[in-house]
Amino acid sequence: MTLKATPLNNAHRALGARMVDFGGWDMPVNYGSQIEEHHAVRTDVGMFDVAHMCVVDIRGADVRAFLRRLLANNVDKLQASGKALYSCMLNPEGGVIDDLIVYFISEDWFRLVVNAGTAEKDVAWMNAQNHAWGTNLTITQRRDGADAMALIAVQGPNARAKVWVVIPQAKDATLDMKPFNVALVPGTAFGEAMIARTGYTGEDGFEIGVAATQAEALWNALAAAGVKPAGLGARDTLRLEAGMNLYGQDMDESVNPLDAGLAWTIDLVSERDFIGKAALQAKGQNAQFVGLILREKGGVLRAHQKVIAANGDTGEITSGTFSPTMQQAIALARVPTGVQVGDTVHVEIRDKKLAATVVKLPFVRNGKILAA
Amino acid sequence: MSNIPAELKYTESHEWVRLESDGTVTVGITEFAQDALGDIVFVELPKVGTSFTAGDDAAVVESVKAASDIYSPLSGDITEVNEAVAGAPESINANAYDAWLFKLKPADVSQLDGLLDAAAYGKTTAA
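Procedures and definitions
Residues numbered from 1 in each chain as written. Chains lettered and ligands numbered in written order. Predicted model: local features only at pLDDT ≥ 70, side-chain atom pairs only at ≥ 80, totals over all residues. Heavy atoms only, no water. Helix = DSSP H or I, 4+ residues; strand = E, 2+ residues; numbered from the N terminus. Rg over C-alpha atoms; globule rule 2.2 N^0.38 Å. Buried < 20%, exposed > 50% of the residue type's maximum accessible area, 1.4 Å probe, protein only. Contact = heavy atoms within 4.5 Å. Phe/Tyr/Trp six-rings, centres within 6.5 Å; stacked < 30°, edge-to-face > 60°. UniProt positions renumbered as here; feature names shortened; annotations may be inferred. Pairing = 2+ DSSP bridges. Axes fitted to C-alpha atoms, helices over the stretch in contact; angles between N-to-C directions. pLDDT = per-residue confidence, 0-100. Core = buried A, V, L, I, M, F, W, Y, C linked by side-chain atoms within 4.5 Å. Polar contact = N/O pair within 3.5 Å; in protein donor to acceptor, adjacent residues only side chain to side chain. Buried area = accessible area lost by both parts, 1.4 Å probe. Salt bridge = Lys/Arg side-chain N within 4 Å of Asp/Glu carboxyl O. Nonpolar A, V, L, I, M, F, W, Y, C, P; charged D, E, K, R; others polar. 1 Å grid on protein atoms, 1.4 Å probe; cavity = no way out; pocket = protein on both sides within 12 Å on 5 of 7 lines; lining within 4 Å. Points joined across faces, edges and corners; volume = space filled by probe spheres on them.

**A look at the overall build of chain A**
Regarding its fold elements, chain A presents nine helices and 21 strands. Relative to its length of 372 residues, chain A is compact, with a C-alpha radius of gyration of 21 Å against a globular reference of 21 Å. Viewed in the frame of its principal axes, chain A has a C-alpha envelope of about 60 × 50 × 45 Å. When burial is assessed residue by residue, chain A has 59% of its 372 residues classed as buried. A sequence separation of at least 24 residues applies to 66% of the contacts in chain A between residues at least 6 apart.

Written out as structure tokens, the structure is:
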């Protein structure tokens, strides 16, 4: 099978990146040391090629009404143009088809950014609902073809300052921008740029969208300004420290999002009906999603390791790694509802049962260790 | 091109093996292996006195990315383990041929002849 490539593939190879097959995409896992890239994002600024993710534009008069039914979070929280919202898109059984960010551009234009591996499935699902509901919206994927957009995430305490050096036109539009907002900035050296104060690392920063043809020029300009390229390896340790779910690992179509730490994104309060709501109300929450810190030597926490509570009930690690910031093994885990923050549980690693402490997520935010 | 010292023997699973003057062998992982694993953060060593058959799981090296079993290249008994590397797993990234994992007294030293020499190992890692 031929791997898909982002517009930055040549740039990665020029930097000597170690490339891996990431869900069918030829992507950089690191450019030397994953840990150095991780620390660059926590202490200075790093950038990620996230052009494998897919921008989806939905346009038409009924777009808000459509998203009210399509998404589990309440799109009516988006009242000012430029606001963004994190949401799950559920199937009728309440399973997670995808998690995404929706950006409110105008009343007849909302922009979604969906995961790489789920993009085709997502667009097909949206088209099916558009047809079923007779909403006559235009749903356009922006990853392939003449209008393709590429995304670069610039993250870290110095991310905004560096982006303003490279894209000076962005400064006025984003200087007072609060987190989880977006601006479309025309007339930059890279054409119109979408600049969102969003990210996946627990640090400040921007996710920048430009025409795919401009992506390499933007990447090289950011690198020249001192932004360190960071691979998917660092992206995973950063997001795990930030306590952020990864689709396909911490949740998927088989997992109730209430059990995956996503209850805060599921709007069961408003009168609004949405796909999956009835199933979630019937099922309720049956597990809780917590952080674990390994307290004994004996290995690194990894996905699918068994978690044993004091009363013998069991749960499972969904994501685990060695935290470069904390210098400890940490994990996201789905555990029985009786387990409390502060409890000691045991994790099965090979032939051992090792003690771990249950902590509240996130582990790290804005460079500071919050869970110890 | 990875560093592959000519005086060592190798396995296809990326262990290096050095025959010592006292008849024991010293075992570690290759430069190629440490590079593929990335930042190494944990090492689990065997217990001194444990007997292994060639190909048995003898140790575990975990990087940030993944856990990897390290196989005993020969049959024999563990005579010594490198506690220093357990305390500083990153030393394997720094110099894979200094940061040995364990020493083994081979049951049959002629098993060494079945391992790869540097040239043959170099071919297995040339992608």
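Picking up after the structure, the text goes on.
**Here's the deal with the packing of aromatic side chains**
Residue and element names in this part refer to chain A. Per the counting criterion, the structure on display carries five aromatic pairs over all chains. Summarising the aromatic geometry, the rings of Phe66 and Trp133 are spaced 5.5 Å apart at their centres and angled 70 degrees between planes, so their arrangement reads as edge-to-face. Of the two residues, Phe66 is situated in helix H3 (residues 63-70) and Trp133 in helix H4 (residues 119-133); the sequence distance between them amounts to 67 residues. Assessed through its relative accessible area of 0%, Phe66 is described here as buried.

**A look at the UniProt feature "binding site: substrate" (unreviewed entry) in chain A**
All names here are of chain A. UniProt marks Glu207 with the feature "binding site: substrate" (unreviewed entry), using the numbering shown here. For Glu207, a relative accessible area of 12% translates into the label buried. If near-sequence neighbours (up to four positions away) are discounted, Glu207 is found in contact with Ile101, Tyr103, Ile152, Ala153, Gln155, Met194, Ile195, Ala196, Thr198 and Gly199.

**Describing the sheet that holds strand S6 (residues 57-63) of chain B**
Across a sheet, strands are paired by hydrogen bonds formed along the backbone, either parallel or antiparallel in direction. Residue and element names in this part refer to chain B. Across the sheet, which stays open at both edges, the three strands sit in the order S4-S6-S7 with antiparallel pairing between neighbours. Lying at the two open borders of the sheet, with one neighbouring strand each, are strand S4 (40-44) and strand S7 (67-71). For this sheet, the mean angle separating the axes of adjacent strands, direction not counted, is 25 degrees. In this structure, S4 lies alongside S6, joined through four bridges in antiparallel fashion. If you follow Val43 over to S6, its bridge partner there is Val61.

**Details of the confidence of the model for chain B**
Averaged over all residues, the pLDDT of chain B equals 95, while 98% of them reach at least 70. Model confidence for the complex is summarised by a pTM of 0.93, with the ipTM given as 0.84.

**A word on the sheet that holds strand S9 (residues 102-106) of chain B**
Spatially, the six strands line up as an open sheet ordered S1-S2-S3-S9-S8-S5 (chain B), and their pairing is antiparallel. The sheet is open, and its two edges are formed by strand S1 (9-10) and strand S5 (51-52) of chain B, each paired on a single side.

**Re the UniProt feature "modified residue: N6-lipoyllysine" (unreviewed entry) in chain B**
Mapped onto this numbering, the UniProt entry gives "modified residue: N6-lipoyllysine" (unreviewed entry) at B:Lys65. Note on placement: B:Lys65 falls in the loop between S6 and S7. Overall, the relative accessible area of 37% leaves B:Lys65 in the partly exposed class. With residues near it in sequence (within four places) discarded, B:Lys65 still touches A:Arg18, A:Val29, A:Gln34, A:Arg302, B:Ala36 and B:Leu37.

**Points about the nonpolar core**
Residue and element names in this part refer to chain A. Counting 34 residues, the largest nonpolar core has Phe48, Leu90, Tyr103, Val113 and Met251 as the members making the most contacts within it. Listing elements by their share of this core, those giving two or more residues are strand S5 (84-90), strand S6 (96-106), strand S7 (109-114), strand S9 (149-155), strand S11 (191-196) and helix H8 (232-241). Excluding residues that lie within four positions of it along the chain, Leu90 makes contacts with Leu70, Ala72, Gly95, Val96, Ile97, Trp125, Pro257, Phe274, Ile275, Gly276 and Leu280. Ranked by size, the runner-up nonpolar core spans 32 residues in total, among them Tyr31, Ile167, Ile208 and Ala225.

**Things to note about the side chain of A:Asn245**
Residue and element names in this part refer to chain A. Positionally, Asn245 belongs in the loop between H8 and helix H9 (277-283). A distance of 2.7 Å separates a polar side-chain atom of Asn245 from the backbone oxygen of Ala260. The residues touching Asn245, leaving out its near neighbours within four places in the chain, are Asp99, Tyr200, Arg239, Asp250, Met251, Ala260, Leu262 and Phe289.

**Considerations on the interface of chain A and chain B**
Contact residues are listed per partner, giving 15 residues for chain A and 13 residues for chain B. It is A:Arg18, A:Arg302 and A:Arg350 in chain A that bury the most area against chain B; as a group they hold 44% of the surface buried on that side. In this structure, the connection of chain A to chain B is made through five salt bridges. One salt bridge connects A:Arg18 with B:Asp35, and the closest N-O pair in it is separated by 2.7 Å. Summed over the shared surface of chain A and chain B, the number is 13 residue pairs in polar contact (both at pLDDT 80 or more). Of all the secondary-structure elements, those providing two or more residues to the side of chain A that touches chain B are helix H2 (34-43) and strand S16 (314-323) of chain A. Tallied by class, residues from the side of chain A that touches chain B come to four nonpolar, six polar and five charged.

**Focus: the layout of surface pockets**
The computed volume of the second largest pocket comes to approximately 440 Å³. Lining the second largest pocket are 22 residues, and of these A:Lys297, A:Phe322, A:Gln327, A:Gln328 and B:Val41 sit closest to its centre. For the lining of the second largest pocket, the secondary-structure elements that each account for two or more residues are strand S17 (328-335) of chain A together with S4 and helix H2 (83-87) of chain B. At four residues, S4(B) tops the list of elements feeding residues into the lining of the second largest pocket. For the lining of the second largest pocket, the per-class residue count stands at eleven nonpolar, six polar and five charged.

**A closer look at the pairing of S16(A)**
All names here are of chain A. When you tally the buried positions in S16, you get eight out of ten residues, the bulk of the element. Strand direction decides the pairing type here: strand S15 (residues 306-308) and S16, joined by three bridges, are antiparallel. Residue Ile308 lies in a different strand from S16, and its bridge partner there is Thr314. As consecutive antiparallel partners, S15 and S16 are separated by five residues, and within that stretch Gly312 has a phi angle of approximately 95 degrees, a positive value. Sheet topology note: the S16/S17 ladder contains seven bridges and is antiparallel. The residue bridging Ser319 from the neighbouring strand is Leu332, located in S17. From the end of S16 to the start of S17, which pair antiparallel, there are four residues, and Gln327 there has a positive phi angle of about 60 degrees.

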